[in-house]
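# Structural characterization, general
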Amino acid sequence: MVLPGTQCAAEADVIVTLHQIHACSSGDTDAFGNESGPVCGGCLESMTADVRAYVDRLRAVARRRGGVAACQTCGAPAMHVSDVIRDVRPLK
Ligand SMILES: [Zn+2]
Ligand SMILES: [Zn+2]
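Let me sum up the structure you'll find in this document. (Residues numbered from 1 in each chain as written. Chains lettered and ligands numbered in written order. Predicted model: local features only at pLDDT ≥ 70, side-chain atom pairs only at ≥ 80, totals over all residues.)

Attention now moves to the sheet that holds strand S2 (residues 34–39). With antiparallel pairing, 3 strands are arranged side by side in an open sheet as S2-S1-S3. Sheet topology places S2 and strand S3 (85–90) at the edges, where each strand pairs with a single neighbour. Taken over all neighbouring pairs, the strand axes of this sheet differ in orientation by 20 degrees on average, direction set aside. (Pairing = 2+ DSSP bridges. Helix = DSSP H or I, 4+ residues; strand = E, 2+ residues; numbered from the N terminus. Axes fitted to C-alpha atoms, helices over the stretch in contact; angles between N-to-C directions.)

This part takes up the environment of Arg-63. Along the chain, the position of Arg-63 falls in helix H1 (residues 41–65). Note: C-alpha distance between Arg-63 and Leu-18 (45 residues apart in sequence) is 23 Å.

Further remarks concern the environment of Cys-74. Considering the arrangement of structural elements, one finds Cys-74 in the loop between H1 and helix H2 (81–84). Owing to 15 C-beta atoms within 10 Å, Cys-74 belongs among the partly exposed residues under this scheme. Considered as a pair, Cys-74 and Phe-32 are 42 residues apart in the sequence and their alpha carbons are 9.2 Å apart. Leave out the neighbours within four places in its chain, and Cys-74 touches Cys-24 and Gly-33. (Buried ≥ 20, exposed ≤ 12 C-beta atoms within 10 Å, placed from the backbone. Contact = placed C-beta atoms within 7 Å.)

Right, let's get into unusual backbone geometry. Positive phi is not limited to glycine here, since His-22 has a value of about 70 degrees. Relative to the assigned elements, His-22 resides in the loop between strand S1 (14–19) and S2.

Written out as structure tokens, the structure reads:
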């Protein structure tokens, strides 16, 4: 999961914190396996839609295996959008 804000030219509205599912010990992440970055409102919306599709897919795969969707690196649940988008902090 890549922060689209890094390619966004618009003025940022929020700082979003994403759990780097399956890659949360990659070294670019904080102590909790998260990465934060500034994004605009439009990017946040499309990011939320992407994350929703992503966790839906993880859940479907997990269901076939009879388990629950989780980050393979740290075991944190990855069932809901809020499991990936950990925090959204308004800048204004
Ligand atoms: Zn944007
Ligand atoms: Zn993790």
